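Remarks on the overall topology
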Amino acid sequence: MGTLGRRKDQVGRTGWSGTAESRTAGPDRPTGRVRRLATPIGILAAVAGAFAYVGSVDPNESGHYPVCPLLKLTGVLCPGCGGLRSAHAFIHGDLGAAFTANAIATVGYFLFAAVWGLWLVRAWRGQPLRIGLAPVWWWGLGAVLLIFTVVRNLPFGSALAP
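Calculation criteria
Residues numbered from 1 in each chain as written. Predicted model: local features only at pLDDT ≥ 70, side-chain atom pairs only at ≥ 80, totals over all residues. Heavy atoms only, no water. Helix = DSSP H or I, 4+ residues; strand = E, 2+ residues; numbered from the N terminus. Contact = heavy atoms within 4.5 Å. Areas by Shrake-Rupley, 256 points an atom, 1.4 Å probe, with all protein chains shown as cover. Patch = residues over 30% accessible without salt bridge, like charges linked within 9 Å, V, L, I, M, F, W, Y side chains within 5 Å. Salt bridge = Lys/Arg side-chain N within 4 Å of Asp/Glu carboxyl O. Buried < 20%, exposed > 50% of the residue type's maximum accessible area, 1.4 Å probe, protein only. Phe/Tyr/Trp six-rings, centres within 6.5 Å; stacked < 30°, edge-to-face > 60°.

What follows concerns the overall build of the protein. Scanning the protein for helices and strands turns up 7 helices and 0 strands. Ordered by position in the sequence, the α and β elements of the protein form the string α-α-α-α-α-α-α. A separation threshold of at least 6 residues defines the contact pool for the protein, and within that pool the share at least 24 residues apart is 49%. When the accessible area of the protein is evaluated, it comes to approximately 11000 Å², of which 69% is carbon and sulfur surface.

Here it is as structure tokens:
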């Protein structure tokens, strides 16, 4: 046996666990890489399918999608109100209309693309996607969503309403 219970030919390899599966689909072999890329590609396929549906079924025409329950019950616009119209405009390349329908959602599309790209690169390299945000960032995000929601429901914030 070699160093630390591994065979001599296994010394220096990273990620070796000694199982038959790891020897056939290691981090440097194509099968392992395909497995690592399956989740980010599957997520992209699901998101692309959802965007394709919203792009083909216009949310500006009534009867295709349910009304926001918060808006229907209280008359208050939630942070997601206008998100389907924003996605529809985004798919059709009208970034101005997408931003007008829901500014937060439009920014979210670009943020999703950046995080997904990072995830894909890290999966390709065999590294996990770890985005560790300090609690202050989460509180900040919540504050932005709260301020956005309050302002879009006030008369002077009508430009943020869909």
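Together, Leu-118, Ile-131, Leu-133, Val-136, Trp-137, Trp-138 and Leu-141 make up an exposed nonpolar region whose accessible area comes to about 750 Å². Here the nonpolar patch takes 4 residues from helix H7 (residues 135–152), the largest share from any one element. With respect to the element layout, Leu-133 can be found in the loop between helix H6 (103–125) and H7. Accessibility expressed as a relative area gives 39% for Leu-133, which makes it partly exposed.

With the rule as written, the count across this model stands at 5 aromatic pairs. Aromatic pair Phe-51 and Phe-90: ring centres 6.5 Å apart, planes at 70°, arrangement edge-to-face. Highlighted residues: Phe-51 in helix H2 (residues 30–56) and Phe-90 in helix H4 (residues 83–91), separated in sequence by 39 residues. Taking relative accessible area as the criterion, Phe-90 reaches 23% and is therefore assigned partly exposed. Ring centres of Phe-90 and Tyr-109 lie 4.9 Å apart, and the angle between their planes is 55°; on these two criteria the pair is classed as tilted. Taken together, the residues span a long stretch of sequence, with Phe-90 in helix H4 and Tyr-109 in helix H6 at a distance of 19 residues. Through a chain of ring-to-ring contacts, the aromatic side chains of Phe-51, Phe-90, Tyr-109 and Phe-110 assemble into a single cluster.

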